[in-house]
Amino acid sequence: MSRAAIGASELLRLDAVSMHYGSGENSVTALSGVDLSVRRGELVAIMGASGSGKSTLLTIAGGLVTPTSGEVIVDGEWLRDASPKRMAAIRRRTLGFVFQDFNLVPALTAHENVSLPLELDGWKTGKARRAALDALRLVELEDRASHFPDDLSGGQQQRVAIARAVVGGRSLILADEPTGALDSQTGELVLRMLRTRIDEGAGGILVTHDPRHAAWADRIVFLRDGRVVDESRRDDAASLLGAGA
């Protein structure tokens, strides 16, 4: 693919990405020739059975794993060309991860958890704390800024994780089953917060097994045995909801 072909509105492009583990008879294919793009203002849901390659796709998109073959482009940067130092900077400044188990630091307050990535990136403490407070305000948790994770509900912890994922203007959010540990009402609230950030100009991938959650996305991509086998747009959400009822 020509590098000039990468559109300005594209935050993520996976081009013929494959991932193999092991060799010979023990070789396992996690992804095979996957093409995927995510634009600004777009949330893409990834669905598939366990072992279909959903989590592998997310770790590759986030630069945590280098694919066996194919290219990954994040906000115009080709990850295969990035040095370890540059790759770390991309993860700090562009990529935001939201995990099912929150991954908050227990010894830090909500405010400190959100500001930590900025401080690690060299921001002055005062500036980082102000940005963190703005991010917590976005997820309606400004009044819980001084609370530690153990003093927050599961839904509140996940909203702190979303604030941490978007703080500092990060533009690509990668969410791996972010509502899996939450009740349905709280999960819907978390998805609404995520959707709000996407509508403000970020882009995102949501890995989920629940059609009702996938219906929050603009596109739904289906994986099977490491391959993209189907795709639906938001217009088809009603039929997905019916199938998941």
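A brief report on the enclosed structure follows. (Residues numbered from 1 in each chain as written. Predicted model: local features only at pLDDT ≥ 70, side-chain atom pairs only at ≥ 80, totals over all residues. Heavy atoms only, no water.)

Our focus in this paragraph is the environment of Ala202. Along the chain, Ala202 turns up in the loop between helix H6 (184-199) and strand E8 (203-207). With near-sequence residues (within four places) excluded, Ala202 lies in contact with Leu11, Arg39, Arg40, Gly41, Glu42, Ser171, Ile173 and Arg197. (Helix = DSSP H or I, 4+ residues; strand = E, 2+ residues; numbered from the N terminus. Contact = heavy atoms within 4.5 Å.)

Moving on: the packing of helix H5 (residues 154-166) against H6. Two packed helices can be described by the angle between their axes and the distance between those axes. As a packed pair, H5 and H6 sit with axes 10 Å apart at the nearest point and diverge in direction by 15°. Our classification of the angle between H5 and H6 gives roughly parallel. The chirality of how H5 crosses H6 is right-handed. Contacts between H5 and H6 pair Gly155, Gln158, Arg159, Ile162 and Val166 from the former with Thr186, Leu189, Val190, Met193, Leu194 and Arg197 from the latter. Each residue belonging to the contact of H5 with H6 can be placed in one class, and the counts come to six nonpolar, three polar and two charged. (Axes fitted to C-alpha atoms, helices over the stretch in contact; angles between N-to-C directions. Parallel < 35°, antiparallel > 145°, perpendicular 65-115°, else oblique. Left-handed = near helix turned anticlockwise from the far one by under 90°. Nonpolar A, V, L, I, M, F, W, Y, C, P; charged D, E, K, R; others polar.)

Turning our eyes to something else, we now look at the pattern of salt bridges. Counted by the stated rule, this structure contains 17 salt bridges. Measuring nitrogen to oxygen at the nearest pair gives 2.7 Å for the salt bridge that ties Arg92 to Asp121. Residue Arg92 is found in helix H2 (residues 84-93), and its partner Asp121 is found in the loop between helix H3 (110-120) and helix H4 (125-138); the two are separated by 29 residues along the sequence. Through salt bridges with shared partners, a single ionic network connects Glu42, Arg219 and Glu231. (Salt bridge = Lys/Arg side-chain N within 4 Å of Asp/Glu carboxyl O.)

Residue Ala16 is not a glycine yet carries a positive backbone phi of 55°. Tracing the sequence through the fold places Ala16 in strand E1 (residues 10-21). The class of Ala16 is partly exposed, set by a relative accessible area of 37%. Phi is positive for Glu140, close to 60°, though the residue is something other than glycine. Its relative accessible area of 56% is what places Glu140 among the exposed residues. (Buried < 20%, exposed > 50% of the residue type's maximum accessible area, 1.4 Å probe, protein only.)

Attention now goes to the pairing of strand E2 (residues 28-39). Sheet topology places E1 next to E2; eight bridges connect them, and they run antiparallel. Looking across to E2, one finds that Tyr21 is bridged to Val28. Taking the residues between adjacent antiparallel strands as the criterion, E1 and E2 are bridged by six residues, where Gly22 takes a positive phi near 75°. (Pairing = 2+ DSSP bridges.)

Mapping Ala128 onto the fold places it in helix H4. Linking Ala128 and Leu95, residues 33 residues apart in sequence, is a C-alpha distance of 17 Å.

So far we have only geometry, and geometry alone does not tell us how the molecule works.
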